[in-house]
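# Per-entry structural report
One letter stands for each residue in the lines below.
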Amino acid sequence: MKLGIGRKVVLSMLVVVLSTMLIIAFYSHSMTKDILIEQVEKELAIQNNNVKQTVSSVFEKEGEMVRQLSAIPVIESFMSADVQREDIRSNKDYPWIQQVLTNTQNNNENINMTWLVHAENSYFISDHDYVSGAEYSVTERLWYQQASEAEGLSYSRPYRDYLTDDWTVSISYPVTIENERLGYFGIYIHLDSLANLLEPLETDGQRIILVSDQGDALYDPENMWPTLQQETQLEGKEQLQLKKDGITYYASLGHLDELGWKIGVYVPEKVVLQPLIAYERSIVIAWTIAILVLLVTLSLVLHQLLKDIPFLVRQIKKIKTGNLKVKMGIKRKDEVGEIAQAVEQMAMQIKNQVDELDHQASHDSLTGLPNRYSIEKVLLQWMREIDTAKEMLVITFLDLDQFKNVNDSKGHVYGDELLIEVGKRIDKNLPSNSFFGRFGGDEFVLIMKANTEADENIYLSLREIHTSLASPFQIFGQEIFTSASMGISLYPSDASTIEDLLIAADTALFKAKELGRNRIAFFTHTMKEQM
């Protein structure tokens, strides 16, 4: 059968339109997938850090409680009395000690047992009126070697509880009187309680793994650690893609420095690509409508449909290269216009998310100041840029004196607000050619560029900042006074690496506090020898 001109036009249009739309679909799918994978890698890294902060905060909180309880008078009185095992329950301090141990255990769901150990007499007292028998030996406890080697607070390696077979960590602090270590106050934490903390963090299809420094899986509901461990050994990366049972996963690995544990966060590929699937579904629907319209309206619609396709492809390619500030400028109301608007909106949404992630990664969430990552990045950049024959860098650690007293007496809300106001006041007094940020806790870091012969100007600038902190701060209608100690190191005269410069400044800060706080100290190599 011979085709008429009308059918030829319809078939030609159908071939052209379908070919063009397939090209767009290919580029859109490829670039959107790349962008989504890049985005999820950043989200996994942030989630990894959230898990790290959550677990660290639990152990820091419990560790601080152990440290404080070890120093209460009734415990010191009992330990210094050198009570023998058979006289424990008749000792006048024992009921009070039991009250402390039992109340602490009852009031904290994370604690499985609270205990007190007398090292020399080798006995063990725990909550709910438990006293060990004569067979008990302190030196045979799994936590003892680490605790005896530690100067203060000690976290044991995870081990299996001999009664419950649960993974357990011991937190202990020495009871020391007149420089003599008499024993230890401590707690047992069963790590199954971490599930209550980690499960709420497993959102949007993400799953968490917690592994000890010995390679034992402490939290791994889906038994992913063997696969993740094998892939990590092969790849040696912290961001990786892996397969298990035919399913692809994206994973991020991190470390819990205080305990030496590993943290893993992973998510299935199908969850990562879910927005792409929904996007493709909407595009298919729009294109189907467009094809039907094109088949009815023939050649007039053909020209109108295809004239903006090359521009649209170029804009999508810009998105792939990382240029997310695309403006389609296509005002059409048909399907191509919808595609252009969808791509533009997608690029804008991705840009907003990337900008937010970049800001979170480089700025302190409380004060809004540059964080440690940004400080070290700028310091490295300036170290490379300056002419060391004429210029130098001044690295200043600034630490608020007695800041803990504000938190203890007023609460952390006042302490947080004080940190914000301190940051604002210092920022107003910054000299030119300087960079300022929060390093962590109540520590701030100031980096200045200076002429090698401008020692007097350096001191005057730092003194001005130091003096500005003497005026009271208005915190929620109350006057709060504080002062600061400052430790300074110089590049290149004091050190040649970022790590050594920061250590030198921190050493000088320690010296300033040792000399009575509220003062400025420059690093000298004598300080390092005295440490």
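To be clear, the structure that these remarks concern was listed above.
These notes cover the structure that comes with them. (Residues numbered from 1 in each chain as written. Predicted model: local features only at pLDDT ≥ 70, side-chain atom pairs only at ≥ 80, totals over all residues. Heavy atoms only, no water.)

### Looking at the environment of Ser 170
In this structure, Ser 170 sits in strand E6 (residues 167–177). Residue Ser 170 is classed as buried on the basis of its relative accessible area, which comes to 1%. Among the polar contacts listed, one links the side chain of Ser 170 to the side chain of Tyr 159, at a separation of 2.6 Å. (Helix = DSSP H or I, 4+ residues; strand = E, 2+ residues; numbered from the N terminus. Buried < 20%, exposed > 50% of the residue type's maximum accessible area, 1.4 Å probe, protein only. Polar contact = N/O pair within 3.5 Å; in protein donor to acceptor, adjacent residues only side chain to side chain.)

### Here's the deal with the packing of helix H12 (residues 372–385) against helix H16 (residues 498–514)
It is the contact of H12 with H16, at a shortest axis distance of 11 Å, that shows an interaxial angle of 110 degrees. Considered as vectors, H12 and H16 are oriented roughly perpendicular to each other. Crossing geometry of H12 relative to H16 is assigned as right-handed. Residue-level contacts link Glu 376, Leu 379, Leu 380 and Met 383 of H12 to Ile 498, Leu 501 and Leu 502 of H16. (Axes fitted to C-alpha atoms, helices over the stretch in contact; angles between N-to-C directions. Parallel < 35°, antiparallel > 145°, perpendicular 65-115°, else oblique. Left-handed = near helix turned anticlockwise from the far one by under 90°. Contact = heavy atoms within 4.5 Å.)

### Structural notes on the sheet that holds strand E18 (residues 484–491)
Each strand in a sheet pairs with another by means of backbone hydrogen bonds, the pair being arranged parallel or else antiparallel. Taken in spatial order, the five strands line up as E14-E15-E13-E18-E19 in an open sheet, and their pairing is mixed. Edge positions in the open sheet fall to strand E14 (434–440) and strand E19 (520–522), since each of these has one partner strand only. Looking at each pair of strands side by side, their axes are set apart by 20 degrees on average, direction ignored. As paired elements, strand E13 (residues 391–400) and E18 share eight bridges and run antiparallel to each other. Across the sheet, the residue bridging to Phe 397 is Gly 487, located in E18. Contacting E13, E14 and strand E15 (443–451), helix H14 (residues 412–428) runs over the sheet at an angle of about 165 degrees to E14. (Pairing = 2+ DSSP bridges.)

### Notes on a negative patch on the surface
On the surface, Asp 82, Glu 120, Glu 178 and Glu 180 cluster together to form a negatively charged patch. Within the secondary structure layout, Asp 82 lies in the loop between helix H2 (73–80) and helix H3 (94–106). A relative accessible area of 37% places Asp 82 in the partly exposed class. (Patch = residues over 30% accessible without salt bridge, like charges linked within 9 Å, V, L, I, M, F, W, Y side chains within 5 Å. Areas by Shrake-Rupley, 256 points an atom, 1.4 Å probe, with all protein chains shown as cover. Salt bridge = Lys/Arg side-chain N within 4 Å of Asp/Glu carboxyl O. Lys, Arg positive; Asp, Glu negative; His and termini not counted. Charge placed at Lys NZ, Arg CZ, Asp CG, Glu CD.)

### Notes on the pairing of strand E10 (residues 239–244)
Residues Leu 240, Leu 242 and Lys 244 of E10 are buried on one face, while the alternating residues Gln 239, Gln 241 and Lys 243, pointing to the opposite face, are not. Pairing between E10 and strand E11 (residues 247–256): six bridges, direction antiparallel. Within the sheet, the bridge partner assigned to Leu 240 lies in E11 and is Ala 251. In this antiparallel pair of consecutive strands, E10 and E11, the connection spans two residues, and Asp 245 shows a positive phi of 55 degrees.

### Looking at the pairing of E13
Burial analysis of E13 places nine of its 10 residues in the buried class, which makes it a mostly covered element. Where E13 and E15 come together, nine bridges link them in antiparallel fashion. Pairing of Met 392 across the sheet is with Ala 450, part of E15.

### Description of the nonpolar core
Phe 59, Ile 75, Phe 78, Leu 191 and Trp 261 are the most contacted members of the largest nonpolar core, which totals 48 residues. Take this core: its biggest share by element is seven residues, from helix H1 (residues 5–69). Grouped together as the second largest cluster of nonpolar side chains are 29 residues, Leu 369, Leu 398, Phe 403 and Ile 488 included. (Core = buried A, V, L, I, M, F, W, Y, C linked by side-chain atoms within 4.5 Å.)

### Some thoughts on the sheet that holds E11
With antiparallel pairing, five strands are arranged side by side in an open sheet as E9-E8-E12-E11-E10. Bordering the open sheet on either side are strand E9 (217–219) and E10, each of which pairs with just one other strand. Pairs of neighbouring strands in the sheet enclose a mean axial angle of 35 degrees, with direction left out of account. Judged from the five bridges that link them, strand E8 (residues 207–211) and strand E12 (residues 261–268) form a sheet pairing that is antiparallel.

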